[in-house]
Each structure stands twice: as structure tokens, then as C-alpha cells.
Amino acid sequence: MHTQADELRARGPAVQVEIPGGVLVWSINSYAVSKKVLGDPNVTKSARHHWPAFIEGRIPSDWEMISWVAMDNVSTTYGKDHKRLRRLIGKAFSSRRPEDVQPLAKRITDTLLDRLEGAAAAGEVVDLKAAFAYPLPGMLVAELIGMPEEARVAAAKVMDMMARTDVTPEQGQEILLGWRGAIEDLIALKRAQPGEDIASDLIAARDDDGSALSEQELVDTTFAILGAGSETTINFFDNAVTALLTHPEQLELVKSGQVSWDEVIEEVLRVESPLASLPLRYAVEDIPLDGVTIPKGDPILINYAAIGRDSAVHGDSAGTFDITRRDKEHLSFGHGPHYCLGAGIARMVGKTGLSALFERFPDLTLAVDPSELEPIPTFIMNGHLALPVRLSGAASAAA
């Protein structure tokens, strides 16, 4: 993935590439141009309003990536609609929210680590992605939106497939129907049994004043919260653990307190963005960029894998993981009107999970050579299919 990202960045700040289905998009590969595009009011994420190929039916309903553009939620709306939805859900992501949610994150973290104690004592190889990185953010976000565990597991399987770009058109349609069905079931449950959760709050906003939220916006926005709050954080944990275990001298700096977990988090987000390339944005008007003009209506792909390693920002060592570097500037949470509402919670969960993991299992090691870690077959997400580790040398849970 990084090899391809480097090649695209070398070709220019904005170049056309082909994605599944033969769709041509503009890949934005430089930090400066990406920041400009992300903050440009003439760039939208609304396919239904600004992508002619989608509006005119030239993008089939079974397109492999249909789920990324057929949503009507806070991440895909534009202008006044975007501000309306962001204001509605913004209440759930106030500046105090990370502090309020931290005890829940700690409780889930400790539960998952408790389950790993037996494997640690036996010296067994454990897939840390499946046993820790995967369930921690998923369980947290599911509890915040009020989704039962059985439903969360079912929805997670659909989201995993959605992130892959090697699916067939038939699977693409199944993914769209699958996640919509899961969220519609949740909405029905919460209408019958409302609780103190985000889904119930959104339902109340919808049912008390239908002009505030359409039924499709309700379903799609609830899914957006679930997906954005889990998939990216799963990959963050995967990448953070991998980076630390393959740079033991840097891990020691953290263990000794010389470098903080906050520094680790920002460097992982910079050099190993959980998102590789996020589909899609569209040009509302012609957009001139450094000698290239993206025509009105053309789709745009922000190449996060390339921009975090831009030497124009981070020098010759841009591709090197270094938690001691002074400038860790990145755009992994986006920029402009679509900046991630849950960034504060994501950072809190990352710090809570990583610190507890390495405190409980200080002798954690990879169980395979790093070259054997198999990447997810996708250009959207950046992570591995599995993360085999040994947890030997477990510290006491009561320590």
C-alpha cells in the first residue's frame, strides 16, 4: 500500500486513477493540496447532488463500492443539510464526551484483557486483532448507540466486507442491504424500548420533529457513527501495536515514561493512517490545483496513506516511524467541515487501550516475522487481516 502511495505522490499532487468498476477518480496525494481540498466549500461528499454518473444512473446499484456513496448521513450531506445533521449529532460528541466515556472504555478494555490471561499463561499465539483491537472500539461504540451485542457482531461482519475492495457486485449489494437491515432493526428496537443512548436521542429528534431528520438520514447517520467509531480505531490499534513491537527501542521510551502515549498516538496516525484512501468526494465547480484542474462533477479520493508521509512536511524521514519527532502533523481525522466529530473519543480510546495492554502484558511480542503480516485486501483501510502475538510474561491484573 505504501509503495503505491509513494508512487502516486511522486506522479503529482492530483492524478487520475481507476477504482473498481472502471470508475476514474482524482487521487489527491500531497499534504498541502489535500488540506486545501478538504477545506474547500466547492468539494462535497454528496453523490446524489454532485456526481453526474451517480445521478444519471451510470453507477449501477450493484457497484462494488455502492455502500460508500449511497448513504444519506452526516458524512455525505452538503451545505445546509450537513450543518443541520452535524448540529444534531454534535451534542453527543461534546468536548467533555471523552472524559465521560473513559470509564466505559476502561471497563471494556479490562474485560478483554482478562480474557487473554489464560492464553498468556499458556504461551499461546493469539490474534490480537480479533481478541482486542477488533472488539474494543466496536463494543464501545455499540454501547454508546444502544446496539445489543448480537446485533453488533452481525453488523461488524458487514462492515468488514464493506472495507474490502475485492468483493463482487453481488456482494456489494448484499453489504448495502446488510448494514441497512441491521440499523433498521436497531431503530425499531429503540423505538419500542428507548434508552439513554445516541440512537434513542436521534429517534427522538426524528419522531418529535420530522423536519429535523428523515428516516433514511436516521438510519444512515446511526450507521455512520457505528462504522466511523469502530473500523478506523480497529486499524489504529493494529498499526500502533505493530509499529511499537517492530521498534522495541521506541517502546522502551514509552514504558520508561520518556515519551507519552499521546505522542505515540499522533505518530501512528501520521505514518500509518487507519484510512488509506477514503471514497468519495466530488467537485461542485471546477477546482484548479497546482497546474491541474479537476472538472466539475468529477469524483475525488483523498490519499491519506500518501499525505501523512509527505516529505514536503516531514522531510526525508517522512516514511519512518519516530515517536520522538517534533512535528507529527497529520490529517487522519480530516479537515474542514467533515473533521471527525469523534476525534477526542478516538484518542482517548487509543490511549486507554494501548497503555492498559502494555501494562498488563509488558513482554508482548509478534509471533511472526513482520513481513508475514497480511494486509487487508483494500485500498480504503490500512491494517492487517490478523495480528498474531505472544502475550508471555503477563503482569498481575491487580498490579
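Before any of the text, the structure's been laid out above.
Quick caveat, the model's predicted, so the values are computed rather than measured.

> Would you mind going over the side chain of S30 with me for this structure?
By secondary structure assignment, the location of S30 is in the loop between β2 (23-28) and α2 (31-39). Judged by its relative accessible area of 13%, S30 is buried. Among the polar contacts listed, one links the side chain of S30 to the backbone nitrogen of V33, at a separation of 3.1 Å. Non-local contacts of S30, meaning those with residues more than four positions away in its chain, are made with P13, I307 and D310.

> Any chance you could explain the sheet that holds strand β4 (residues 125-127) here in plain terms?
Across a sheet, paired strands are connected by hydrogen bonds in the backbone, their directions being either parallel or antiparallel. Pairing is antiparallel across the open sheet formed by 3 strands, whose spatial order is β4-β10-β9. Edge positions in the sheet fall to β4 and β9 (365-366), since each of these pairs with one other strand and no more. Note that β4 and strand β10 (residues 388-390) share 3 bridges and pair antiparallel. Within β10, the position partnered with D127 by the bridge is P388.

> Looking at this model, I keep getting lost on the pattern of salt bridges. Mind explaining?
Two side chains that carry opposite charge are able to pair once their charged atoms sit near each other. Applying the stated rule across the entire model yields 22 salt bridges. In this structure, D6 engages R9 in a salt bridge whose closest nitrogen and oxygen atoms are separated by 2.7 Å. Residue D6 and its partner R9 are located together in helix α1 (residues 2-11), separated by 3 residues, close to a single helical turn. Here R9 falls in the partly exposed class, since its relative accessible area comes to 21%.

> Would you mind showing me how to read the environment of T293 here?
Here T293 shows up in strand β7 (residues 292-294). The sequence separation of T293 and S371 amounts to 78 residues, and the corresponding C-alpha distance is 39 Å.

> When you look at the packing of aromatic side chains in this model, what are you seeing that I'm missing?
The geometry of an aromatic ring pair is captured by the separation of the ring centres together with the interplanar angle, meaning the angle of the planes. This structure, assessed with the given rule, holds 7 aromatic pairs. By the ring-pair criterion, three or more aromatic residues cluster together here, those being W51, F54, W63 and Y282.

> Would you mind going over the sheet that holds strand β1 (residues 14-19) with me for this structure?
Spatially, the 5 strands line up as an open sheet ordered β1-β2-β8-β5-β3, and their pairing is mixed. Lying at the two open borders of the sheet, with one neighbouring strand each, are β1 and β3 (43-44). Direction of pairing for β1 relative to β2: antiparallel, over a ladder of 6 bridges. Of the residues in β2, the one forming a bridge with I19 is V23.

> Mind showing me how you'd approach the packing of helix α8 (residues 135-145) against helix α12 (residues 215-245) here?
Two quantities define a packed helix pair, namely the angle between the helix axes and the distance between the axes. At a minimum axis distance of 8 Å, the contact between α8 and α12 shows a crossing angle of 160 degrees. Classified by the angle their axes make, α8 and α12 are roughly antiparallel. Regarding α8 and α12, the two cross each other, and that crossing is right-handed. Between α8 and α12, the contacting residues are L136, P137, G138, V141, A142 and I145 on the first element and T222, I225, L226, G229, S230, T233, I234 and F237 on the second. Of the residues contributing to the contact of α8 with α12, the split by class is 9 nonpolar, 5 polar and no charged.

Reading guide: rules and limits
- Residues numbered from 1 in each chain as written.
- Predicted model: local features only at pLDDT ≥ 70, side-chain atom pairs only at ≥ 80, totals over all residues.
- Heavy atoms only, no water.
- Helix = DSSP H or I, 4+ residues; strand = E, 2+ residues; numbered from the N terminus.
- Buried < 20%, exposed > 50% of the residue type's maximum accessible area, 1.4 Å probe, protein only.
- Polar contact = N/O pair within 3.5 Å; in protein donor to acceptor, adjacent residues only side chain to side chain.
- Contact = heavy atoms within 4.5 Å.
- Pairing = 2+ DSSP bridges.
- Salt bridge = Lys/Arg side-chain N within 4 Å of Asp/Glu carboxyl O.
- Phe/Tyr/Trp six-rings, centres within 6.5 Å; stacked < 30°, edge-to-face > 60°.
- Axes fitted to C-alpha atoms, helices over the stretch in contact; angles between N-to-C directions.
- Parallel < 35°, antiparallel > 145°, perpendicular 65-115°, else oblique.
- Left-handed = near helix turned anticlockwise from the far one by under 90°.
- Nonpolar A, V, L, I, M, F, W, Y, C, P; charged D, E, K, R; others polar.

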